[in-house]
Amino acid sequence: MSQNREPIDTYLLRVLHTLLIERSVTRAAVKLNQSQPAISAALRRLRDITGDPLLVRGKSGMVPTEYGQSLMEPTQNALREIERITVQQSNFDPATTVRTFRIGSPDYLNTLFVPTVVERFRQQAPNAQLELHSLGPAFDYEHALEDGKVDIVIGNWPEPPEQLHLSNLFVDQIVCLVRNTHPYAKRGLTLDQYLASPHLAPTPYSVAQRGAIDMHLARERLKRNVVVTIPYFNLAPYVLLKSDLIFTTTRLFADHYAEFLPLTVVEAPIDFPPMQYYQLWHERTHYSDEVRWLRSVISDATRTLLESRIQP
């Protein structure tokens, strides 16, 4: 093999990494906003440089060679380091950026949290775009952060992933929410009544994490009687209006809906640990001024929300 091969530049690295992921010249061209001939030419150059086909035809499309597959992680790491250098050298200005920012958030925070975030975001970055992604069992938020599909994830898992960076946002108390005419709306409920009563619960929004309520009950060797499960948290208040169900949630959420719907907030008969909310981000964006700014927007919006709730 020749010892004077052409070096691989950033463009070729991106083409190689995208081809290894997409396994298609057509899809790689679309993702990189390039023409198919341009991607094909880049692949030929990469083959000449490495002395390996890198991708070959398979039964259902292109598949990486053994050497090509071994380059997946090195190319990803190289691109991250290049991105870190670029981010450190750039002068980020939210007033002029046209970047698209992406936040993964549980839907129960949307009514309370998202309007204030959008207000702050639009004030500071009028030319940028903001995408909110709902978390759910089918959404792998850890991979989404790693792959750059989202920049920040808002969570409240009792045991957040250790490999992600974390910044606390606020702590909330666990309470119960019922309709005004519920038997326990005025007199409250005991632990036995709580466990025996029919409950409404949300679908867990992470495959890897159980809900904080049931996780705590399991630690205490207790189990509530969940008879209805819903995929969207913000449906819960309206389901309660027409049922005898109990919904265990945070005080911030419960107080919000009890203000304009015939619902009553009841103290929980068990000492649930406070619910800690935080924002998570990956190492790949830890040095990014853009994502650091987004984290500050979220923190400021949270502070404003909490201040508005405690005002008389």
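Scroll up for the structure.
An account of the accompanying structure is given in this report. (Residues numbered from 1 in each chain as written. Predicted model: local features only at pLDDT ≥ 70, side-chain atom pairs only at ≥ 80, totals over all residues. Heavy atoms only, no water.)

Some remarks on the overall build of the protein
Each helix and strand in the protein was counted, giving 12 helices and 12 strands. Its C-alpha atoms give the protein a radius of gyration of 25 Å, more than 25% over the compact-globule value 20 Å for 312 residues. Projected onto the principal axes, the alpha-carbon positions of the protein cover approximately 85 × 45 × 30 Å. The buried share of the protein, taken over its 312 residues, is 45%. At a minimum sequence separation of 6, the contacts of the protein that also span at least 24 residues come to 76%. Working note: accessible area of the protein is about 16500 Å², and carbon and sulfur atoms make up 51% of it. (Helix = DSSP H or I, 4+ residues; strand = E, 2+ residues; numbered from the N terminus. Rg over C-alpha atoms; globule rule 2.2 N^0.38 Å. Buried < 20%, exposed > 50% of the residue type's maximum accessible area, 1.4 Å probe, protein only. Contact = heavy atoms within 4.5 Å. Areas by Shrake-Rupley, 256 points an atom, 1.4 Å probe, with all protein chains shown as cover.)

Description of the sheet that holds strand β3 (residues 100–105)
The 5 strands are arranged β4-β3-β5-β12-β6 in an open sheet whose pairing can be described as mixed. Both edges of this open sheet fall to β4 (129–134) and β6 (165–172), since each of them pairs with a single strand only. Across this sheet, the average inter-strand angle for adjacent strands is 20°, counted without regard to direction. Looking at chain direction, β3 and strand β5 (residues 152–155) are connected through 2 bridges and run parallel. Bridge pairing in β5 links I103 to I152. (Pairing = 2+ DSSP bridges. Axes fitted to C-alpha atoms, helices over the stretch in contact; angles between N-to-C directions.)

Description of unusual backbone geometry
One non-glycine residue, R23, lies in the positive phi region at around 55°. Locating R23 in the fold gives a position in the loop between α1 (10–22) and α2 (25–32). Residue classification places R23 among the partly exposed residues on the basis of a relative accessible area of 35%. Non-glycine residue L54 carries a positive phi angle of around 70°. With respect to the helices and strands, the residue L54 is situated in the loop between α3 (36–50) and β1 (55–58). Of the residues examined, L54 reaches a relative accessible area of 0% and is grouped as buried.

Brief notes about the nonpolar core
Grouped together as the largest cluster of nonpolar side chains are 40 residues, with contacts concentrated most on I154, Y194, F272, L294 and I298. Sorting elements by how many residues they give to this core places helix α12 (residues 289–310) first, with 7 residues. Core analysis: the second largest hydrophobic core is formed by 18 residues, I39, L54, M62 and L71 among them. (Core = buried A, V, L, I, M, F, W, Y, C linked by side-chain atoms within 4.5 Å.)

A closer look at the pattern of salt bridges
In this structure the tally under the stated criterion is 9 salt bridges. For the salt bridge of R251 with E267, the shortest nitrogen-to-oxygen distance reads 2.6 Å. Of this pair, R251 sits in helix α11 (residues 251–258) while E267 is found in strand β11 (residues 263–267), placing the two residues 16 residues apart along the sequence. By relative accessible area, E267 is classed as partly exposed at 45%. Overlapping salt bridges bring together E22, R27 and K31 as one network. (Salt bridge = Lys/Arg side-chain N within 4 Å of Asp/Glu carboxyl O.)

Concerning the packing of aromatic side chains
This structure, assessed with the given rule, holds 12 aromatic pairs. Look at Y238 and Y257: their rings are 6.3 Å apart centre to centre, the planes differ by 85°, and that puts the pair in the edge-to-face class. Here the residue Y238 occupies a position in helix α10 (residues 236–240), and Y257 occupies one in helix α11, the gap between them amounting to 19 residues. Using a relative accessible area of 4% as the deciding quantity, one classes Y257 as buried. Through successive ring pairs, a cluster of aromatic residues spans F233, Y238, F247, F253, Y257 and F260. Stacked on the ring of W281, the Lys or Arg R295 has its end atom at 3.9 Å from the ring centre. (Phe/Tyr/Trp six-rings, centres within 6.5 Å; stacked < 30°, edge-to-face > 60°. Lys NZ or Arg CZ within 6 Å of the ring centre and 35° of its normal.)

Notes on the pairing of strand β12 (residues 275–281)
Most of β12 sits out of view: 6 of its 7 residues are buried. Where β5 meets β12, 3 bridges bridge the pair, whose relative direction is antiparallel. When the bridges of β12 are listed, G155 appears paired with Y278.

A word on helix α9 (residues 212–219)
Note that an α-helix has 3.6 residues per turn; residues three or four places apart therefore point the same way. Taken as a whole, α9 has its buried residues at I213, M215, H216 and L217. Packed against the buried residues of α9 are β7 (174–179), α8 (191–196) and β10 (246–250). At the exit of α9 stands R221, carrying a positive phi of roughly 60°.

Description of the pairing of β1
Here β1 pairs with strand β2 (residues 61–64) via 4 bridges, running antiparallel. Residue pairing for β2: R57 is matched across the bridge by M62. Between β1 and the antiparallel strand that follows it, β2, lie 2 residues.

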